[in-house]
Amino acid sequence: MKAYTVTTKTGLKFNFIVEGKEGNTILVKDAETGEVFRLKLLRNHGDRYVVDLNGVEYSVVLSDRIFVNGEVACIAFVKEVQAGSKPHKDSKMAQKAVFENVVQAPISGKILELKVKVNDQVGEETVVALMESMKMIVEVRANMKGIVEEVYVAPGQAVKKGDPIIRLKKS
């Protein structure tokens, strides 16, 4: 059995175990919940794939980013781990460090305007985006001084509280 840790760009980690195969379907189990997913490759062409996950078709593009059904997937990396291994005791600290570099939506709503772009310099408390929520305009502010390394959202996009807006690199 192979096991993998998928880390999102916000630092969340998901652990999966490849349980086996049934014909051309791969059985993948969520190591935390025990839920089993049936993943089947339907077709591919170059870096484009169509997969069936538990009866639902998804279009996946693997390039410098991962796109699922045309949306950017916020996956930082996938790492193969030893099946049955426990997370390192410092993993919570590492996740906290990753979250500290990510400006998150303070409330659920819609992105109205981005005030920054990649490579912009921002100070602590700089307004990086404007959101609309419950007919109010909400300013999203940087949580540290740094350089914008990645922008995760676009104007008009709906976000939930805690969704990543931008990632900063300390300067």
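Sorry if this is basic, but what is going on with the nonpolar core here?
Most often, soluble globular proteins keep nonpolar side chains buried together rather than apart. Of all hydrophobic cores here, the largest spans 21 residues; its most connected members are V128, I165, I166 and L168. When contributions to this core are tallied by element, the ones reaching two or more residues are strand 10 (102-104), strand 13 (127-133), strand 14 (136-141), strand 15 (146-151) and strand 17 (164-170). Setting aside residues no more than four positions away along its own chain, I166 makes contact with N101, V102, V103, V116, V128, V148, E150, V151 and Y152.

Any chance you could explain the pattern of salt bridges here in plain terms?
Where charged atoms from two side chains of opposite charge approach closely, those side chains can pair. One pass over the structure, following the stated rule, counts 7 salt bridges. Between E22 and R38 there is a salt bridge whose closest N-O contact spans 2.8 Å. Within this pair, whereas E22 is found in strand 2 (residues 13-22), its partner R38 is found in strand 4 (residues 36-45), the two being separated by 16 residues in sequence. The partner of K117 in a salt bridge is D120, and the shortest N-O contact between them spans 3.2 Å. Assessed through its relative accessible area of 53%, K117 is described here as exposed. One network of salt bridges, in which partners are shared, links E149, E150 and R167.

Whenever I open this one, the sheet that holds strand 12 (residues 121-122) confuses me. Can you help?
Strand pairing in a sheet takes place through backbone hydrogen bonds and is either antiparallel or parallel in direction. Taken in spatial order, the 4 strands make up an open sheet running 10-17-15-12, and their pairing is antiparallel. Unpaired on one side and paired on the other, strand 10 and strand 12 mark the two borders of the sheet. As defined by bridge partners, strand 12 adjoins strand 15 across 2 bridges and the pair is classed as antiparallel. Counterpart to V122 in the pairing with strand 15 is G146.

Cut-off values and rules
- Residues numbered from 1 in each chain as written.
- Predicted model: local features only at pLDDT ≥ 70, side-chain atom pairs only at ≥ 80, totals over all residues.
- Heavy atoms only, no water.
- Core = buried A, V, L, I, M, F, W, Y, C linked by side-chain atoms within 4.5 Å.
- Buried < 20%, exposed > 50% of the residue type's maximum accessible area, 1.4 Å probe, protein only.
- Helix = DSSP H or I, 4+ residues; strand = E, 2+ residues; numbered from the N terminus.
- Contact = heavy atoms within 4.5 Å.
- Salt bridge = Lys/Arg side-chain N within 4 Å of Asp/Glu carboxyl O.
- Pairing = 2+ DSSP bridges.

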